[in-house]
Every structure is written in C-alpha cells, then in structure tokens.
Amino acid sequence: MNEEFFFSEEISLEETPFLDLEKNLESNETLNLTRNYKGLRNLMLEVEWFENRARNSKKTTDEDFDLDLSCFLLKCHVNKKGEKIYYIDQKSRQVVYNHQDFRKQAGIEHQGDKRTGKKNIDDDDEIEKIHISFKKLDPKIDKLLLFLTIFKAYERKQTFALMEKSVIRLKDLDTNETLCSFELKREFDIYTGLIFGELVRNKEDDSWEFKRLGEGMPIGEDLNTYFKQYHKHPHAVQEILNS
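Keep in mind that this is a model prediction, so the values were computed, not measured.

**Student:** An account of the overall build of the chain is requested, with residue identities and associated values reported.
**Tutor:** Of regular secondary structure, the chain possesses four helices and 15 strands. Relative to its full complement of 243 residues, the chain shows a buried share of 48%. Pairs at least 24 residues apart make up 71% of the contacts formed inside the chain by residues separated by at least 6 positions. Roughly 13,200 Å² of accessible area belongs to the chain as shown, and the carbon and sulfur atoms make up 43% of that amount.

The following block contains the structure:
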C-alpha cells in the first residue's frame, strides 16, 4: 500500500471525544425517534462538510472532497439460538445511494449527489440528503444501516484528515427540526468512510430507534466490502431461514 496515503499527524484516540452529539448519547446508546418525537412520520438525513485547505494544500487531484450518504435496507431472521441475522436479499438489492439506479426504494429516496457539501444562505442545495418515510417502508425491513463515505477515496488519496468539519444531522422532514446531530472528530482521520448509525424497527409497536455507531472503514474498504457481507444469494437466504 502506498505510504504517501497516510498522514503524519499523530492521532490520540484516548484524548479525543467520540462524537459531539446534541442528545449526548453514549456510544451504542439508542434514541427512540417515534416515542420521543410524537407525530414523526418522515425523517431526513443530511451531511454538511468543509474541506481543510491548509491540510490539503498539496492536493494529488483537482477534484473536490466529496462525501456520500448511503443506506442498506436489511431484513432480519432470528435463528433457533435467538441470534438476529441481518441480510440483504439478492432479489431485492435494497441499497440506496447516489447512483441513478439506486436512488429510490420503497419509503427511502436519495436526493442526489452533492459535490461540495456547503450550505448556502439562500438555499441548501449542496447538502447531501436522504429522505425516509417510515410508513412507506417495506414491513419486512427491520434495520437501516447508515454510511458516510468519501467518493473515490483511495484513488484520490483522501481520508477524513482533510476535513475541517463534517456534520451529520437527523431532522424531521416535515418541520425541519433537528432531532440530533454529530460532528466527526479527529479520531476518524485515518478512515475513508464509516458506519455512523442505524435505524432499527421495534416490531412490538412499530417504532423506530436510532442507534449511534462509529465503525470506521480502513483504507481499501468501501461500500462493496459491506455489501458482500450482507448480500445473500437465494440458497444462502434459505439457509438463514432454516437456521
């Protein structure tokens, strides 16, 4: 692997807070969106970012720093041991990201690729977003796995170290109220993407919870790495259902 891809600044994981979250959730703590925000029907995920021009003064490419939001729609099976197995059925290919063939699934729609991530005074057209309508989601979907990745990170030799600031927000789509937001800290400098959270359905009352995650993607990994992990062929799905 090319050593020039790494950054020389030493990063202290112990001295850096994990995420700066408005609701002050601890790592892996959950926030029940349906119960805490009565009447919440439609959710919006958005990401805003600012490139650190000083740290990126020696650019290896003329391309801007481009962050992408993505989502995996996972089904769940509880096996005989009581273990939950999450997977993507091959027949459905339930993935949402900015490619035109994958921008929309039942209840979820990516609002298009944005290249700069900057919020303008007059509008926020450059803020990348995903809209989620809970009532329109396939009832067989039990979890939405949420990703933030750098477009062509390896090719452009980019990591989150080149970011001045990156903020992810969950909003009520109908009222534009921010439900929670968090900013990436320096501990993610060595990564090219991360799983920042998941939305999990509670089947007992059909409520939805947001769980805060922070699983960084090492250099060389991308969405395809995780897609292969969750994507199951028909015979594999049958094995899961029989387990």
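Moving on, there is more to tell.
**Student:** Any chance you could break down the packing of aromatic side chains for me, citing the residues and the numbers?
**Tutor:** According to the stated counting rule, one finds nine aromatic pairs in the structure shown. Ring centres of F72 and F147 lie 4.6 Å apart, and the angle between their planes is 50°; on these two criteria the pair is classed as tilted. Placement of the pair is F72 in strand β4 (residues 67-78) and F147 in strand β10 (residues 143-150), with a sequence separation of 75 residues. Judged by its relative accessible area of 1%, F72 falls in the buried class. When its relative accessible area of 0% is taken as the criterion, F147 is described as buried. Clustering of aromatic rings is evident, with ring pairs tying together F72, F147, Y226, F227 and Y230. The lysine or arginine in question, K143, covers the ring of Y86, its NZ or CZ lying 3.7 Å from the ring centre.

**Student:** Describe the nonpolar core, with residues and values.
**Tutor:** Counting residues in hydrophobic clusters, the biggest one holds 40 residues, and the most contacted among them are L33, I132, L144 and L148. Looking at this core, the elements that each hand over two or more residues are β3 (42-51), β4, β9 (128-133), β10, β11 (163-172), β12 (178-184), β13 (193-202) and β14 (207-217). When neighbours within four sequence positions are excluded, L148 is seen to be in contact with V47, L67, D68, L69, F160, S166, I168, L184, G193, L194 and F196. Within the second largest apolar cluster, 14 residues are counted, among which are L74, L145, I195 and M217.

**Student:** For the pairing of strand β5 (residues 84-89), give the residues involved together with the corresponding values.
**Tutor:** The pairing of β4 with β5 spans four bridges and is antiparallel. Note on β5: the bridge partner recorded for H77 is I85. Hairpin connection of β4 to β5: five residues between the antiparallel strands, including G82 at a positive phi of 85°. Of the pairings in the sheet, the one linking β5 to strand β15 (residues 231-232) comprises two bridges and is parallel in character. The residue of β15 that forms the bridge with I88 is H231.

**Student:** Describe the pattern of salt bridges, naming the residues involved and giving the relevant values.
**Tutor:** Applying the stated criterion across every chain yields a total of eight salt bridges. Its salt-bridge partner being E46, residue R169 comes within 3.0 Å of it at the nearest N-O pair. Of this pair, R169 sits in strand β11 while E46 sits in strand β3, and the two are 123 residues apart along the sequence. Note on R169: relative accessible area 16%, which makes it buried.

**Student:** Could you give an account of the environment of F72, with specific residues and numbers?
**Tutor:** Residues F72 and L144 lie 72 residues apart in sequence; the distance between their C-alpha atoms is 5.6 Å. Residues within four places of F72 in sequence aside, it is in contact with I88, Q94, V95, K143, L144, L145, F147, L223, Y226, F227 and Y230.

**Student:** Provide a residue-level description of the layout of surface pockets, including the pertinent values.
**Tutor:** Computed from the structure, the largest pocket encloses a volume of approximately 570 Å³. As for the largest pocket, its lining consists of 23 residues, of which Y97, T149, D222, L223 and N224 are closest to the centre. Counting only elements with at least two residues in the lining of the largest pocket, the list comes to β4, β10, α2 (153-156) and α3 (223-230). Among the residues forming the lining of the largest pocket, the class breakdown is 11 nonpolar, seven polar and five charged.

Calculation criteria
- Residues numbered from 1 in each chain as written.
- Predicted model: local features only at pLDDT ≥ 70, side-chain atom pairs only at ≥ 80, totals over all residues.
- Heavy atoms only, no water.
- Helix = DSSP H or I, 4+ residues; strand = E, 2+ residues; numbered from the N terminus.
- Buried < 20%, exposed > 50% of the residue type's maximum accessible area, 1.4 Å probe, protein only.
- Contact = heavy atoms within 4.5 Å.
- Areas by Shrake-Rupley, 256 points an atom, 1.4 Å probe, with all protein chains shown as cover.
- Phe/Tyr/Trp six-rings, centres within 6.5 Å; stacked < 30°, edge-to-face > 60°.
- Lys NZ or Arg CZ within 6 Å of the ring centre and 35° of its normal.
- Core = buried A, V, L, I, M, F, W, Y, C linked by side-chain atoms within 4.5 Å.
- Pairing = 2+ DSSP bridges.
- Salt bridge = Lys/Arg side-chain N within 4 Å of Asp/Glu carboxyl O.
- 1 Å grid on protein atoms, 1.4 Å probe; cavity = no way out; pocket = protein on both sides within 12 Å on 5 of 7 lines; lining within 4 Å.
- Points joined across faces, edges and corners; volume = space filled by probe spheres on them.
- Nonpolar A, V, L, I, M, F, W, Y, C, P; charged D, E, K, R; others polar.

Any link to function would need more than the numbers given here.
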